[in-house]
Amino acid sequence: MSASPASPSSPRRKDDDRDTPPPLPEPLRVAVADSHTHLDMQSGTVEEALRKAASVGVTTVVQVGCDVKGSRWAAETAAAYENVHAAVALHPNEAPRIVHGDPDGWSRQGARPGGGDSALDDALAEIEALAALPHVKAVGETGLDHFRTGPEGMAAQERSFRAHIEIAKRLGKALVIHDREAHADVLRVLREEGAPERTVFHCYSGDAEMARECAAAGYYMSFAGTVTFKNAAALREAVAVAPAELLLVETDAPYLTPAPYRGRPNAPYLIPLTVRAMAAARGTDEDSMATALAANTARAFAY
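Since we're looking at a predicted model, the values are computed, not measured.

Rules used throughout
Residues numbered from 1 in each chain as written. Predicted model: local features only at pLDDT ≥ 70, side-chain atom pairs only at ≥ 80, totals over all residues. Heavy atoms only, no water. Helix = DSSP H or I, 4+ residues; strand = E, 2+ residues; numbered from the N terminus. Rg over C-alpha atoms; globule rule 2.2 N^0.38 Å. Contact = heavy atoms within 4.5 Å. Areas by Shrake-Rupley, 256 points an atom, 1.4 Å probe, with all protein chains shown as cover. Lys, Arg positive; Asp, Glu negative; His and termini not counted. Charge placed at Lys NZ, Arg CZ, Asp CG, Glu CD. Buried < 20%, exposed > 50% of the residue type's maximum accessible area, 1.4 Å probe, protein only. Arc of directions from axis to C-beta. Salt bridge = Lys/Arg side-chain N within 4 Å of Asp/Glu carboxyl O. Pairing = 2+ DSSP bridges. Axes fitted to C-alpha atoms, helices over the stretch in contact; angles between N-to-C directions. Parallel < 35°, antiparallel > 145°, perpendicular 65-115°, else oblique. Left-handed = near helix turned anticlockwise from the far one by under 90°. Polar contact = N/O pair within 3.5 Å; in protein donor to acceptor, adjacent residues only side chain to side chain.

Visitor: Sorry, what's going on with the overall build of the chain here?
Guide: What the chain contains, in helices and strands, is ten helices and ten strands. In summary, the chain has a C-alpha radius of gyration of 19 Å against a globular reference of 19 Å for 303 residues, a match within 12%. Taken along the three principal axes of its C-alpha coordinates, the chain extends 60 × 50 × 40 Å. Look at the contacts in the chain between residues 6 or more apart in sequence, and 71% of them connect residues 24 or more apart. Approximately 13,400 Å² of the chain is accessible, and the part contributed by carbon and sulfur atoms is 53%. Averaging the coordinates of the 31 positive side-chain charges in the chain and doing the same for the 41 negative ones gives two points 4 Å apart.

Structural data, given as structure tokens:
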């Protein structure tokens, strides 16, 4: 049951604006790419999202799939729009749902029974077929998530991660990693399997020490709106110590909206706020930061 709207004389509730898109930020002078977004989870059309983003200097986006259906959509969208590139994968939390089922219907696909290892193999085969398409530039987001998946799902999650690494290497595609509260295990699996030549830590969440470890391995680190949060000093330290040539920027929209609009809908057009926060963390100007980010994203995703 929804609440009644406040009357003109009622005090304005703090959360009244949470569904209202934030205003356009000041445009960047140097165009950049959103290295990780989910247009299929955002309101409005693809055309509207791209037009709004381009108006503030965000001229390219990487559309990321999280399941078979979303990966198909990402590939189709990238084929239809020159400035959209696709990444396809089974999200780390999707793999256990395929194997063991999802009785609570947590994912967008709703409640479903488990299909066992054979169902995971079938899904991975479809991801591989999509990843072979020329407009699909990456395999991801894959990885490990110790926040959402419990011990019973870890084996399926890690098996899926290893399979995605192998697909990326065989097809010569970038690997996009989801790492949530699983830093040590993600780095361990990458060492054991051998990482692809181009590996991206999406929504980087480690500290400066981990950034140095990633840099030594040549991994790209993509920073989202979280770097603007007041409590994210460790992320800003990571931005400061990471090599400039390994930095990327992303929205992960519709999630992780940068300050001062945290909690409201995110979209690629808000990238300038994160670019400016990254520039401030490194003590550099935003044009230099944007120039590096644009070149790095094109190199990471080979477009």
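Next comes the rest of the account.
Visitor: Mind showing me how you'd approach helix H1 (residues 46-54) here?
Guide: Because each turn of an α-helix spans 3.6 residues, side chains separated by three or four positions end up pointing in the same direction. Along H1, the positions that sit buried rather than exposed are Val 46, Ala 49, Leu 50 and Ala 53. Within H1, the buried residues cover an arc of 95° as seen down the axis, which keeps them to one side. Buried residues in H1 make contact with strand E2 (58-64), helix H2 (68-80) and strand E3 (84-88).

Visitor: Even after reading the chapter, I still don't get the pattern of salt bridges, so can you show me in this structure?
Guide: Where side chains of opposite charge bring their charged atoms close, a pairing between them can arise. As enumerated under the stated definition, the model contains 17 salt bridges in all. Here Glu 126 makes a salt bridge to Arg 72, at a shortest N to O gap of 2.6 Å. Separated by 54 residues along the polypeptide, Glu 126 in helix H4 (residues 116-131) and Arg 72 in helix H2 bring together distant segments of the chain. With a relative accessible area of 37%, Arg 72 lands in the partly exposed category.

Visitor: Would you explain the sheet that holds strand E10 (residues 247-249) in this entry?
Guide: Working definition: the strands of a sheet are paired by backbone hydrogen bonds and lie parallel or antiparallel to each other. The strand order across the open sheet formed by eight strands is E1-E2-E3-E6-E7-E8-E9-E10, and the pairing between neighbours is parallel. Each edge of the sheet is formed by a strand with only one pairing partner; in this case those strands are strand E1 (32-37) and E10. Within the sheet, the average angular offset between the axes of one strand and its neighbour, ignoring direction, is 30°. In this structure, E2 lies alongside E3, joined through four bridges in parallel fashion.

Visitor: Any chance you could explain the packing of helix H9 (residues 271-282) against helix H10 (residues 286-301) here in plain terms?
Guide: The geometry of a pair of packed helices is captured by two quantities: the angle between their axes and the separation between those axes. Where H9 meets H10, the closest approach of the two axes is 9 Å, and the angle between their N-to-C directions is 110°. On the basis of the axis angle, H9 is roughly perpendicular to H10. Crossing handedness for the pair H9 and H10: right-handed. Note on element contacts: H10 touches H9 through Glu 286, Met 289, Ala 290 and Leu 293, opposite Val 275, Arg 276, Met 278, Ala 279 and Arg 282.

Visitor: What is the right way to read the side chain of His 178 from this model?
Guide: Mapped onto the fold, His 178 is located in strand E7 (residues 174-180). Within the structure, the side chain of His 178 is placed 3.4 Å from the side chain of His 91, a separation counted as a polar contact. Filtering out sequence-adjacent residues up to four positions away, His 178 remains in contact with His 91, Pro 92, Glu 141, Thr 142, Gly 143, Leu 144, Asp 145 and His 202.

Visitor: What exactly am I supposed to notice about the environment of Val 241 here?
Guide: Following the sequence through the fold, Val 241 ends up in helix H8 (residues 233-241). The class for Val 241 is partly exposed, based on a relative accessible area of 34%. Counting along the chain gives 219 residues from Val 241 to Pro 22, while the straight-line C-alpha distance between them is 30 Å. Excluding residues within four positions of it along the chain, Val 241 makes contact with Ala 208, Ala 211 and Arg 212.

Remember, this is a structural readout, not a statement about activity or role.
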